[in-house]
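Here are the chains, one letter per residue:
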Amino acid sequence: QVQLVESGGRLRQAGDSLKLSCAVSGRTFSNYAVGWFRQAPGKEGDFVATISSSGGRILHSDSVKGRFTISRDNALNTVYLQMNNMKPEDTAVYYCAAKRSFAYYYSRDSDYDYWGQGTQVTVSS
């Protein structure tokens, strides 16, 4: 079993920066691809970013490309989401998810086997 715990969600103003963390435990972290997703109130969930198990392959959604950066530290069993130049439309609950995979990343929520409980990010205008 794999456990994921997100942290770092805060209230921020437009233009601010914030870094989310996703701590993973329970299995060999370096064998798992990890993705970030978000869900705003009344809306369907959206893909944000994903990173392969080694960190060599990364994908960001068009809506966050150039503003958000996903990274991972396999020594600390943690994946990060650095969010810069935040906008009110970034307001959502952010979830991280993991899938056992050695080479690829995944942008569909249905691809993932394990999920965290989410962390709230609110951006005021």
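Let us look at the structure shown here. Here the structure is a predicted model, which is why all the values come from computation and not from measurement. (Residues numbered from 1 in each chain as written. Predicted model: local features only at pLDDT ≥ 70, side-chain atom pairs only at ≥ 80, totals over all residues. Heavy atoms only, no water.)

Mapped onto the secondary structure, N31 falls in the loop between strand 3 (18–25) and strand 4 (32–39). Excluding its chain neighbours within four sequence positions, the residues that come into contact with N31 are S53, K99, R100, S101 and F102. (Helix = DSSP H or I, 4+ residues; strand = E, 2+ residues; numbered from the N terminus. Contact = heavy atoms within 4.5 Å.)

In this section: the side chain of E6. Inspection of the secondary structure puts E6 in strand 1 (residues 3–7). Buried charged residue E6 carries no salt bridge. Nearest counter-charge: R10, at 12 Å. Other than its neighbours up to four places away in sequence, E6 contacts S21, C22, W36, Y94, Y95, C96, G116, Q117, G118 and T119. (Buried < 20%, exposed > 50% of the residue type's maximum accessible area, 1.4 Å probe, protein only. Lys, Arg positive; Asp, Glu negative; His and termini not counted. Salt bridge = Lys/Arg side-chain N within 4 Å of Asp/Glu carboxyl O.)

Bringing the sheet that holds strand 3 into the picture now. With antiparallel pairing, four strands are arranged side by side in an open sheet as 1-3-8-7. Of all the strands in the sheet, the pair left with one neighbour each is strand 1 and strand 7 (68–73). Adjacent strand axes in the sheet meet at a mean angle of 15° when their direction is disregarded. As paired elements, strand 7 and strand 8 (residues 78–83) share six bridges and run antiparallel to each other. Paired with S71 across the bridge in strand 8 is Y80. (Pairing = 2+ DSSP bridges. Axes fitted to C-alpha atoms, helices over the stretch in contact; angles between N-to-C directions.)

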